[in-house]
Amino acid sequence: MIEVSEKKKRVFFSATAVVLVAAIVAGTNLIFSAFSFLRADMSRGKIYSLSKVSKKIVSSLPDPLYVDFYYSKELPVEVASIKKYAADFLKEYKNYSNGNIVLQFHEISSENKEKKK
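K.L.:
Which residues make up unusual backbone geometry, and what are the values?
P.N.:
One non-glycine residue, Asn-98, lies in the positive phi region at around 55°. Structurally, Asn-98 is set in the loop between helix H3 (77–95) and strand S2 (101–107).

K.L.:
Could you give an account of the environment of Tyr-85, naming the residues involved and the relevant values?
P.N.:
As for its position among the elements, Tyr-85 is in helix H3. A C-alpha to C-alpha distance of 8.5 Å links Tyr-85 and Tyr-48, two positions 37 residues apart in sequence.

K.L.:
Explain the nonpolar core to me, and be specific about the residues and the numbers.
P.N.:
Listed in full, the 8 residues of the largest apolar core are Val-58, Val-67, Phe-69, Tyr-71, Ala-87, Leu-90, Ile-101 and Leu-103. Listing elements by their share of this core, those giving two or more residues are strand S1 (65–71), H3 and S2. For this core, the leading source of residues is S1, giving 3 residues.

K.L.:
Any chance you could break down the packing of aromatic side chains for me, citing the residues and the numbers?
P.N.:
Centre distance and the angle of the planes are the two values used to describe a pair of aromatic rings. Counting across every chain of the model gives 5 aromatic pairs. Look at Phe-89 and Tyr-93: their rings are 6.3 Å apart centre to centre, the planes differ by 40°, and that puts the pair in the tilted class. Linking Phe-89 with Tyr-93, this pair stays in helix H3, spanning 4 residues, or about one helical turn. Taking relative accessible area as the criterion, Phe-89 reaches 14% and is therefore assigned buried. Ring pairs connect the aromatic residues Phe-69, Tyr-71 and Phe-105, which therefore count as one cluster. Here Lys-83 stacks its cationic end above the ring of Tyr-71, 4.6 Å away from the centre of that ring. Against the face of Phe-105 rests Lys-91, its NZ or CZ located 5.7 Å from the ring centre.

What counts and how
- Residues numbered from 1 in each chain as written.
- Predicted model: local features only at pLDDT ≥ 70, side-chain atom pairs only at ≥ 80, totals over all residues.
- Heavy atoms only, no water.
- Helix = DSSP H or I, 4+ residues; strand = E, 2+ residues; numbered from the N terminus.
- Core = buried A, V, L, I, M, F, W, Y, C linked by side-chain atoms within 4.5 Å.
- Buried < 20%, exposed > 50% of the residue type's maximum accessible area, 1.4 Å probe, protein only.
- Phe/Tyr/Trp six-rings, centres within 6.5 Å; stacked < 30°, edge-to-face > 60°.
- Lys NZ or Arg CZ within 6 Å of the ring centre and 35° of its normal.

Okay, here's the thing in structure tokens:
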């Protein structure tokens, strides 16, 4: 009978544990990516969430609504947070629209502005 040393057993079990943890993390990530816009609004008055009326209106849109969102990475810090807030709200509207809101995000850079001149 072949005797396997204790060191080899530990290495094998350690490698197996690493692979198992990686698989669990990857699986969890895959499951939660299906709920890509899951968030909780803990603010007073739920000011960072869509109202029930907004959800109802957006979910009953008869035709596709195309929204182009233009932004710049060169925004000042004070404005950059507003950009994220607006983009998150648009994504939330899209999630409740049953596919009738089509979002496109366009980054505007100073290079593009100079090319147009």
